[in-house]
Amino acid sequence: MRTLYVLGCSLLLALSILLFAGNVQEPSKRLKKPRYLQAGKALADWYQQRVYPGNKLNMRSYSEAYEQLKNISRLATTSFAGTWTPIGPKNFGGRTLSLAFNPQNPNTIWAGAASGGLWRSVSGANGAQAWQQIETGFPILGVASIAVNPLDSNEIYIGTGEVYNDQNAGTGFAIRTTRGSYGIGLLKSTDNGVTWTKSIDWQYDDLKGVQEILINPLRPQTVFAATTEGTFRSFNAGQTWTLINSARMATDLLMMPDDTSLVMIAAGNSFSANPGIYRSVNGGTTFTQIVTGLPATYSGKAMLDVCRDEPDVMYASIANQLDGLGLYTSSDRGLTWLQINPTDYQTYQGWYSHDVSVHPANSANVITCGIDVWSSFDGGANLSQVSYWYN
């Protein structure tokens with residue numbers, strides 16, 4: 001759950017600026033439709049280099065090559081014993097997929113990069129050397145989700161892979177040749193990130209990822225994982241997992257702050273099967289798809305949030321792949337919904353960069369984002385744009 005509202009809002013604003021800082025345009029020239037820029041060609045070239053001479057990315061080969069590299073790493077150390085000094089450029093940032101704060105020491109922050117692995121700051125992200133890359137011992141590029149045990153911050157879970165397209169169900173720019181990175185499943189550390197083990201093992205599988213991780217704050221041995229393959233639950237801190245909801249491309253998870261038996265799932269992305277919002281009142285044993293007031297289907301993704309101090313109030317940001325469906329709200333803990341605002345703030349990235357965050361103590365204060373960030377002080381009825389990517 002998004003307990004650090006202010007920091008979350010700052011992150012949403014920063015991401016919206018970073019994602020499009022290079023595409024400066026006048027407001028009158030802003031495009032509503034996707035543009036096929038050279039960045040797309042670069043990603044396609046990146047993919048072709050890795051699949052040659054075939055046409056399919058083989059995760060098994062990548063993992064086997066990584067294991068061979070570890071076996072001969074002593075030779076690399078001997079052969080390249082010189083000292084390297086970074087010379088730049090240093091004035092750019094990559095995409096950040098996930099953030100998690102140590103609940104016992106908020107100066108410790110974990111960050112998951114889209115293609116740079118796992119990072120940690122112990123200084124509250126302050127200082128010239130604020131971030132350190134954390135080696136896991138596994139071949140990971142994208143870290144889409146992070147969760148820290150609220151009762152024992154030495155216990156950390158990370159979900160790997162950045163997958164928006166379910167087994168190439170979508171078309172065009174959303175296919176794996178231009179979107180996403182390698183995923184090997186879910187990793188766990190019990191010593192504050194010093195060593196890691198595989199909890200969900202997809203190291204030799206393709207097109208799989210873990211999008212969100214949720215730990216029960218009252219019983220941390222119970223962990224949920226929203227993945228491309230559906231939603232899983234573990235009762236023994238990740239030793240074994242059970243599929244509890246088969247809706248593919250699960251993108252978000254919520255647990256009521258005052259009732260851990262009420263769990264919500266958002267599922268669907270890039271034309272995947274069975275998109276929707278699912279609700280459980282028995283801790284995830286059974287789920288019911290919620291339909292009252294929600295779109296019958298959508299081709300993008302959905303994201304959820306709940307007000308910590310007013311848990312009756314929930315919000316959902318829902319979009320098709322290339323256009324937004326707007327902001328939805330529930331006043332009965334997710335049982336029924338209402339489209340409170342049809343504004344297309346998600347614009348042409350409904351499969352990717354949109355989210356919603358509600359103030360933990362005031363359900364009327366809401367932040368939404370897509371290409372830009374929007375705010376509301378009346379429960380989403382009116383949204384004001386507060387960032388402009390072309391600036």
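Above this text sits the structure in question.
All of these numbers come straight from a predicted model, not from anything done at the bench.

About the criteria used
- Residues numbered from 1 in each chain as written.
- Predicted model: local features only at pLDDT ≥ 70, side-chain atom pairs only at ≥ 80, totals over all residues.
- Heavy atoms only, no water.
- Helix = DSSP H or I, 4+ residues; strand = E, 2+ residues; numbered from the N terminus.
- Buried < 20%, exposed > 50% of the residue type's maximum accessible area, 1.4 Å probe, protein only.
- Contact = heavy atoms within 4.5 Å.
- Salt bridge = Lys/Arg side-chain N within 4 Å of Asp/Glu carboxyl O.
- Pairing = 2+ DSSP bridges.
- Axes fitted to C-alpha atoms, helices over the stretch in contact; angles between N-to-C directions.
- Phe/Tyr/Trp six-rings, centres within 6.5 Å; stacked < 30°, edge-to-face > 60°.

1. Remarks on the overall build of the protein
Here's step 1: Summing up its helical and strand segments, the protein has 4 helices and 24 strands in all.
Here's step 2: Of all 391 residues assigned to the protein, the portion counted as buried reaches 51%.
Here's step 3: Across the protein, the fraction of contacts at a sequence separation of at least 24, relative to all contacts at a separation of at least 6, is 52%.

2. Examining the pattern of salt bridges
For side chains of opposite charge, pairing can occur when their charged atoms come near one another.
Here's step 1: Applying the stated criterion to the full structure yields 8 salt bridges.
Here's step 2: Here Glu 162 makes a salt bridge to Arg 95, at a shortest N to O gap of 2.6 Å. Separated by 67 residues along the polypeptide, Glu 162 in the loop between strand E6 (156–160) and strand E7 (185–189) and Arg 95 in the loop between helix H4 (73–79) and strand E1 (96–101) bring together distant segments of the chain.
Here's step 3: For Glu 162, a relative accessible area of 3% translates into the label buried.
Here's step 4: Asp 309 is paired through a salt bridge with Arg 308; the nearest N and O atoms lie 2.9 Å apart.
Here's step 5: A residue is classified by how much of its surface remains accessible, and Arg 308, at 42% relative accessible area, is partly exposed.
Here's step 6: Among the charged side chains, a network of salt bridges with common partners joins Asp 258, Asp 312 and Arg 333.

3. Details of unusual backbone geometry
Here's step 1: For Ser 270, which is not a glycine, the phi torsion comes out positive at approximately 45°.
Here's step 2: Looking at the secondary structure, you find Ser 270 in the loop between strand E14 (259–267) and strand E15 (276–280).
Here's step 3: Phi at Phe 271 is positive, roughly 65°, even though this residue is not glycine.
Here's step 4: Tracing the sequence through the fold places Phe 271 in the loop between E14 and E15.

4. Digging into the side chain of Thr 231
Here's step 1: Locating Thr 231 in the fold gives a position in strand E11 (residues 230–234).
Here's step 2: Its relative accessible area of 0% is what places Thr 231 among the buried residues.
Here's step 3: Apart from residues lying up to four places away in sequence, Thr 231 is in contact with Ala 225, Ala 226, Thr 242, Leu 243, Ile 244, Asn 245, Ala 250, Leu 253 and Ile 265.

5. Points about the pairing of strand E17 (residues 302–306)
Here's step 1: E17 sits mainly inside the fold: 5 of its 5 residues count as buried.
Here's step 2: Side chains Ala 302, Leu 304 and Val 306 project from E17 onto one buried face, and the interleaved Met 303 and Asp 305 project onto a second face that is buried too.

6. Let's talk about the sheet that holds E11
Strands in a sheet are paired, the pairing made by backbone hydrogen bonds, and the direction either parallel or antiparallel.
Here's step 1: Overall, antiparallel pairing links the 4 strands, which are arranged E9-E10-E11-E12 in an open sheet. Of all the strands in the sheet, the pair left with one neighbour each is strand E9 (210–215) and strand E12 (242–245). Across the sheet, the mean angle separating the axes of adjacent strands is 30° when strand polarity is ignored.
Here's step 2: Note: E9 against strand E10 (residues 223–227), 5 bridges, orientation antiparallel. Its bridge partner being in E10, Glu 212 is matched across the sheet by Ala 226.

7. Observations regarding the sheet that holds strand E8 (residues 197–201)
Here's step 1: Within the open sheet, the 4 strands sit side by side as E5-E6-E7-E8. Their pairing is antiparallel. Strand pairing shows two members of the sheet lacking a second neighbour, strand E5 (143–148) and E8, which therefore form its edges. The sheet shows a mean angle of 20° between the axes of neighbouring strands, direction not considered.
Here's step 2: In terms of strand pairing, E5 meets E6 through 5 bridges, oriented antiparallel. Bridging across to E6, Ser 145 finds its partner in Gly 159.

8. Regarding the environment of Pro 139
Here's step 1: Relative to the elements of secondary structure, Pro 139 occurs in the loop between strand E4 (132–134) and E5.
Here's step 2: Given a relative accessible area of 2%, Pro 139 falls into the buried group.
Here's step 3: Placed 21 residues apart in sequence, Pro 139 and Thr 160 show a C-alpha to C-alpha distance of 9.9 Å.

9. Some details on the packing of aromatic side chains
Here's step 1: Tallying each qualifying case throughout the model produces 7 aromatic pairs.
Here's step 2: Taking the centre distance of 5.9 Å and the plane angle of 55° together, the rings of Tyr 388 and Tyr 390 count as tilted.
Here's step 3: Put simply, the rings of Tyr 164, Trp 351 and Tyr 352 pair up and form one aromatic cluster.

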